[in-house]
Structures are given as C-alpha cells and as structure tokens.
Amino acid sequence: MEQLTVKTADTSYPVYIGKGVLNKAPELLHTLLEDKSRALIITDTNVGELYGTKLKNILGRVLPVSITAVPDGEASKSMSSYEKLLSVCIEEGLDRQSVIFALGGGVIGDLAGFTAATYMRGIPFVQVPTTLLAHDSSVGGKTGINHSLGKNLIGAFHQPSAVLYDTDTLSTLPDKEWRSGFAEMIKHAYIQDPEFLMWLKKNVRTTEDIKKDTIRQFLKRSIAIKADIVKEDEKESGIRAFLNFGHTLGHSIEKSSGYGQITHGEAVAAGMLFAMRLSNEIWISSWDINQERDWFKSLGYPIEAPSHYSAQLLIDAMKKDKKASAGKIKFVLVKEPGRPLLNTIDEKLLFDLLAKEQRGNTVYD
Ligand SMILES: NC(=O)c1ccc[n+]([C@@H]2O[C@H](COP(=O)([O-])OP(=O)(O)OC[C@H]3O[C@@H](n4cnc5c(N)ncnc54)[C@H](O)[C@@H]3O)[C@@H](O)[C@H]2O)c1
C-alpha cells in the first residue's frame, strides 16, 4: 500500500492507495471513526451493486452504517439528486458526529462531497474512489453539482477526511472509463511533469496499456502532482486553475451534448488537443499537433473538435465557465510541457479556429 498526505492551509489528510485498502478501512480510519455516531455510504447503482455491501459490512464492524444509491452517470450530479440525498441524511438520522462515505467515481465524489459540505453546515466525508478518473477528483476538496446552464456551477470547497483508493475496484472498470480517467493523468503530466509525460507517451499507446499494472504505480505520481498544486492554492486563486487544462472546451462539449453523453475524460482530451492548437496559434509554440493527435487517436480519444454543435453554441457555453470573467473566455494553454498559463482568448480567434477545426480543413503542420 502506498500513502501520501494532502496538506492545505487548514487541514491535512491521508490518501491510501493499493490493493485491498477497503478491507483495512476500520484500522486506517480508526482516529476518524472512533467518535462517530453513524456512517452513510453514498454510491451509484453500478458501484453499489459491486462494492456497496462489502464496504457496508466492513464499516459495520465499527459503527452503524446505512447505504443509498443514485442512478449511475453524470445526470445524477443534479439539484434533484442532491435534494434527495439531503432527505436521506435527515431520514437516516445523520447528525454532526456522522460521516459520509463517497463510494464511486467522480460523480459520486462530487455529489456526496457537496452533500457532506452542506448538510448541517458541513460534516466529514471520506472519498472511496473506484474509477481511474477519481484519482484526480477525490483529492483537493472540490465538490459540487451541475446546473442545466453549466457544469459544476454549484459547489463548495470541502476537503475529505481521508481517501481510500482500493485499486482492486478498478478490475471491473469498463474500457471507456479507463480511457476517461487516463485523460486526467495525461493532463497532470502535460501541465507539471515533462518526464512523466515522456514516459506515458512511450509506454502507453493503447487502452490495454492503460490497464496494465504499471499505470497503477503511476497513480501515486499523478495524485502527488495534484496534491502539490492544491497545497499551494487550495481555493483556485492562482495555479490551481492550471488543472483546468482541456476543461474550457471540455466542459462546453459535455454541457452541449447533454450531461453523460460523452465521458468527462473524452471531452477533456478533445479540449486539451484544441488548447494545444490554440497555443500554437498564439505563440507559434512547439506542439507537433499531428504527433499529439496520433497518440490521442491510438488511445481511442475523439480527435476532432465536435462538429454537431455550432462554434457559437460551444462559445456561449464557455462564457458560463467558472474561469470566465466579465464574459471573457479563459483557456489554460501550455506553451510546452510543464509550462501552463491562463490566458484570456479573443472570441473571434476562438470562433475562427473552432469553425476551421469543425470543417476538418485544419492544416496541422
Ligand atoms: N472534484 C474534482 O476535482 C473533479 C476533478 C475531475 C473530474 N471531476 C468530475 O468527475 C466526474 C467524472 O467522474 P468519473 O469519470 O469517475 O465518472 P462516474 O463517477 O460517472 O463513473 C463512470 C462510470 O463508471 C462506473 N463505475 C465506477 N466505478 C466502477 C467500477 N469500479 N467498476 C465498474 N464500473 C464503475 C459508474 O457507475 C459510472 O457508470 C465529472 O462529473 C467531473 O466533473 C471532478
């Protein structure tokens, strides 16, 4: 088992990563659980079926536990699921001495975390990630839900008390979810760690490569990159915004296509490629877009800017992005691996480049 610590100005918490971590939950969480009145596991229907009873039985050894499941998928990061979960908290008698366990991927982490952040003005929660993507989402304390007008627009910073990442749970993950999660790992490498990026480019060429045990070793490295950024800038007043590389267009694609129609990672992958195009446009920087596209293509990511939504629709969605200010669209661009910058982008340039990509007549070299 690997362990690292996430530190912020007000708190610090452990991240346990490895095979069989769940079985050790009562021991690993002894200090947290010893004075708790009860636990509520929040999960989704898929994950609940696979691992819900297991976690309930394990925690049941040390405190009363109940479990509730929302339908799986992005559509559950909604006002209505959130309200239902608050009702469950009340009906199950959760008090300020209670603890919520978020068992699932990033959707559950964000939704259950936001429930914990706001129920009785905030109770503790533990992240129990079960997707590759959730190596990113379970760390850093961003919790929230979507609004029909934009993604993640309602939320709170609420750090978990611990993260239990049992890599055995990844064995049941469908291929498209491995791909989705790998996009966030690539993102960490692009913005912060050129050496890691080189290793990934050399050794991970297909979805099968993502699933190999070597990737599990690199989970710790990717989480450490995120933890370092969160330590410096917990509330995203500076460098934490770099973690949004690929997300300005990515979020806009997710929103425009209808939440859950495309995985978060696929949307982010398309967004990162587009951001590299934009970087070349602005600085004549060094990205060999054809080479990047080939890598993304071999991994199974969509490599074209989506053509079924108008450039204007995507831009309108970007204006509602949290990074936008005074209606100006901001993009995280990466000049070269390890050198991210947050830039305000001229709307006309954005429109022209998106439209050009959509017509499929982009010249890449
Ligand atoms: N808070 C943050 O810092 C942060 C960072 C990145 C992404 N996110 C959010 O994370 C969300 C995406 O998370 P995700 O990709 O994990 O999606 P997800 O939670 O919807 O999980 C993807 C699918 O995999 C299934 N699943 C989960 N674990 C499984 C397992 N072990 N075996 C089989 N099936 C399993 C789920 O039921 C679901 O159908 C997005 O809403 C995104 O905005 C948040």
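Residues numbered from 1 in each chain as written. Predicted model: local features only at pLDDT ≥ 70, side-chain atom pairs only at ≥ 80, totals over all residues. Heavy atoms only, no water.

1. Considering the site of the ligand
- Taken together, 28 residues surround the ligand, and among them Asp 72, Glu 74, Thr 131, Lys 151 and Thr 172 come closest.
- Take Thr 130: an N or O atom from its side chain is 2.8 Å from a nitrogen atom of the ligand.
- At 2.7 Å, a side-chain N or O of Thr 131 approaches an oxygen atom of the ligand.
- Relative to its free-state accessible area of 870 Å², the ligand is covered by the protein chains to the extent of 92%. (Near = heavy atom within 4 Å. Polar contact = N/O pair within 3.5 Å; in protein donor to acceptor, adjacent residues only side chain to side chain. Areas by Shrake-Rupley, 256 points an atom, 1.4 Å probe, with all protein chains shown as cover.)

2. Overview of the domain arrangement of the chain
- According to the domain assignment, the chain consists of domain 1 (2-172) and domain 2 (175-359).
- The distance between the C-alpha centroids of domain 1 and domain 2 comes to 26 Å.
- Listed as interface residues are 32 residues of domain 1 and, on the opposing side, 34 residues of domain 2.
- Considering only the surface of domain 1 that becomes buried against domain 2, Leu 132, His 135 and Lys 151 emerge as the three largest contributors, covering 21% of it.
- Counting across the interface, domain 1 meets domain 2 through five salt bridges.
- With a closest N to O distance of 2.4 Å, Lys 142 and Glu 236 form a salt bridge.
- For the pair domain 1 and domain 2, the number of links is 13 residue pairs in polar contact (both at pLDDT 80 or more). (Domains from an automatic or database assignment. Contact = heavy atoms within 4.5 Å. Buried area = accessible area lost by both parts, 1.4 Å probe. Salt bridge = Lys/Arg side-chain N within 4 Å of Asp/Glu carboxyl O.)

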